[in-house]
Amino acid sequence: MSQYHALPVPPMSIRFDQSAGTLSPEGPTLTRRMSDLEGLFRDHAAWQKAVADGDPVVYSVISSPVPEIDRELPQSITTIQPGTTAGELWMTKGHQHPNHQGEIYLGISGRGGLLMFDGTETRWVEMTPGTIGYMPPGWAHRSVNIGDEPYSFLAVYPGGAGHDYGWVLEHGMGLRALSGTDGVEFVDYVEG
Ligand SMILES: O=P(O)(O)OC[C@H]1O[C@H](O)[C@H](O)[C@@H](O)[C@@H]1O
Ligand SMILES: [Fe+2]
């Protein structure tokens, strides 16, 4: 975490320019390429090939300057590119909040889905512009682009929530979202 990101901020408004894909003022930004998603797609060989064939950007995250520290309420906008890897829809890594804290997403543009898993049950919430998706404490979450255009959503989350990526690598997400003839199709996480 940069020192800039950890600084307290005054009351403020933050402007989102959708066509430019910017927040102002802006905090840290993050770009995740295919190589950053190791171990997450069911078809490892297809993932490796995609990395070798140009390692495309799968999603990016722009953040407001509100710091990720306890009692603050940071926000970020994530944009997932459309695409599939061996039929599996492009998605975020997915994470659990170590101390089980809730979070909300607001669909901004494109069509997506919010896959949630509490270790036993899986839930899917379809996200279109204007949908508020709620993740209760203890539900790991992953976002998926189910359309042909970039899918963007706003996230608002407790500053102390943290990101546990190891939990998803260990437990999976219950289901995988594949591109189907009539849209999205689900298979068990462990299915090959
Ligand atoms: O952290 P990932 O699973 O890669 O998801 C990407 C991002 O999605 C949302 O914007 C969350 O609020 C971010 O905290 C998260 O980093
Ligand atoms: Fe989260």
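Residues numbered from 1 in each chain as written. Chains lettered and ligands numbered in written order. Predicted model: local features only at pLDDT ≥ 70, side-chain atom pairs only at ≥ 80, totals over all residues. Heavy atoms only, no water.

Asks: A description of the overall build of the protein should follow, citing residues and the corresponding values.
Replies: The number of helices and strands found in the protein is three helices and 15 strands. By the compact-globule yardstick of 16 Å for 192 residues, the protein fits well, its C-alpha radius of gyration being 16 Å. Considering only C-alpha atoms, the protein reaches an extent of 50 × 35 × 30 Å along its principal axes. The burial tally for the protein puts 43% of its 192 residues in the buried class. In the protein, 68% of the contacts between residues at least 6 apart in sequence involve partners at least 24 apart. (Helix = DSSP H or I, 4+ residues; strand = E, 2+ residues; numbered from the N terminus. Rg over C-alpha atoms; globule rule 2.2 N^0.38 Å. Buried < 20%, exposed > 50% of the residue type's maximum accessible area, 1.4 Å probe, protein only. Contact = heavy atoms within 4.5 Å.)

Asks: Before we move on, can you summarise the coordination of the iron ion (ligand 2) with the specific residues and values?
Replies: Surrounding the iron ion (ligand 2) are the protein donor atoms His95 (NE2), His97 (NE2), Glu103 (OE) and His141 (NE2), which sit 2.0 to 2.2 Å from the metal. For the iron ion (ligand 2), all donor residues lie on one chain, and their spacing in sequence is H-x1-H-x5-E-x37-H. Note on accessibility: histidine 95 and histidine 97 belong to one class, buried. (Donors = N, O, S within 2.8 Å, 3.2 Å for Na, K, Ca; no water.)

Asks: Please provide a residue-by-residue account of the sheet that holds strand E11 (residues 132-135), values included.
Replies: Overall, antiparallel pairing links the six strands, which are arranged E3-E4-E5-E13-E8-E11 in an open sheet. Taken across any chain shown, the strands that pair with only one partner, and hence form the sheet edges, are strand E3 (29-33) and E11. The sheet shows a mean angle of 20 degrees between the axes of neighbouring strands, taken without regard to direction. The sheet contact formed by strand E5 (residues 75-80) and strand E13 (residues 151-156) spans six bridges and is antiparallel. Of the residues in E13, the one forming a bridge with threonine 79 is serine 152. (Pairing = 2+ DSSP bridges. Axes fitted to C-alpha atoms, helices over the stretch in contact; angles between N-to-C directions.)

Asks: Can you break down the site of ligand 1 residue by residue, with the values?
Replies: Surrounding ligand 1, one finds 16 residues, the nearest of these being Tyr59, Thr78, Gly94, His163 and Tyr165. Side-chain polar atom of histidine 95 to an oxygen atom of ligand 1: 2.9 Å apart, as the coordinates give it. In isolation ligand 1 offers 370 Å² of accessible surface; the protein chains occlude 97% of this area. Put simply, ligand 1 lies in the largest pocket. Sorting the residues of the shell around ligand 1 by element identifies strand E4 (57-63), E5, strand E8 (103-109) and E13 as the ones contributing at least two each. Class assignment of the residues belonging to the shell around ligand 1 gives a composition of seven nonpolar, six polar and three charged. (Near = heavy atom within 4 Å. Polar contact = N/O pair within 3.5 Å; in protein donor to acceptor, adjacent residues only side chain to side chain. Areas by Shrake-Rupley, 256 points an atom, 1.4 Å probe, with all protein chains shown as cover. 1 Å grid on protein atoms, 1.4 Å probe; cavity = no way out; pocket = protein on both sides within 12 Å on 5 of 7 lines; lining within 4 Å. Sits in = over half its atoms within 2 Å of the grid points. Nonpolar A, V, L, I, M, F, W, Y, C, P; charged D, E, K, R; others polar.)

Asks: Please provide a residue-by-residue account of a nonpolar patch on the surface, values included.
Replies: Taken together, Ile104, Leu106, Ile132 and Tyr134 make up a surface patch of nonpolar side chains, about 370 Å² in accessible area. Of all the secondary-structure elements, those providing two or more residues to the nonpolar patch are E8 and E11. Residue position: isoleucine 132 is located in strand E11. (Patch = residues over 30% accessible without salt bridge, like charges linked within 9 Å, V, L, I, M, F, W, Y side chains within 5 Å. Salt bridge = Lys/Arg side-chain N within 4 Å of Asp/Glu carboxyl O.)

Asks: Give a detailed account of the pattern of salt bridges, specifying residues and quantitative values.
Replies: Scanning the model with the defined rule gives four salt bridges in all. A salt bridge links arginine 176 to glutamate 88; the shortest N-O distance between them is 2.8 Å. A residue pair is termed long-range when its members are at least 10 positions apart, and arginine 176 in strand E14 (residues 175-180) and glutamate 88 in strand E7 (residues 88-89) qualify at 88 residues. There is no split in this pair, since arginine 176 and glutamate 88 are both buried. The salt bridge partner of arginine 123 is glutamate 121, with a shortest N-O separation of 2.5 Å. A residue is classified by how much of its surface remains accessible, and arginine 123, at 43% relative accessible area, is partly exposed. On the basis of relative accessibility, which here comes to 37%, the residue glutamate 121 falls in the partly exposed class.

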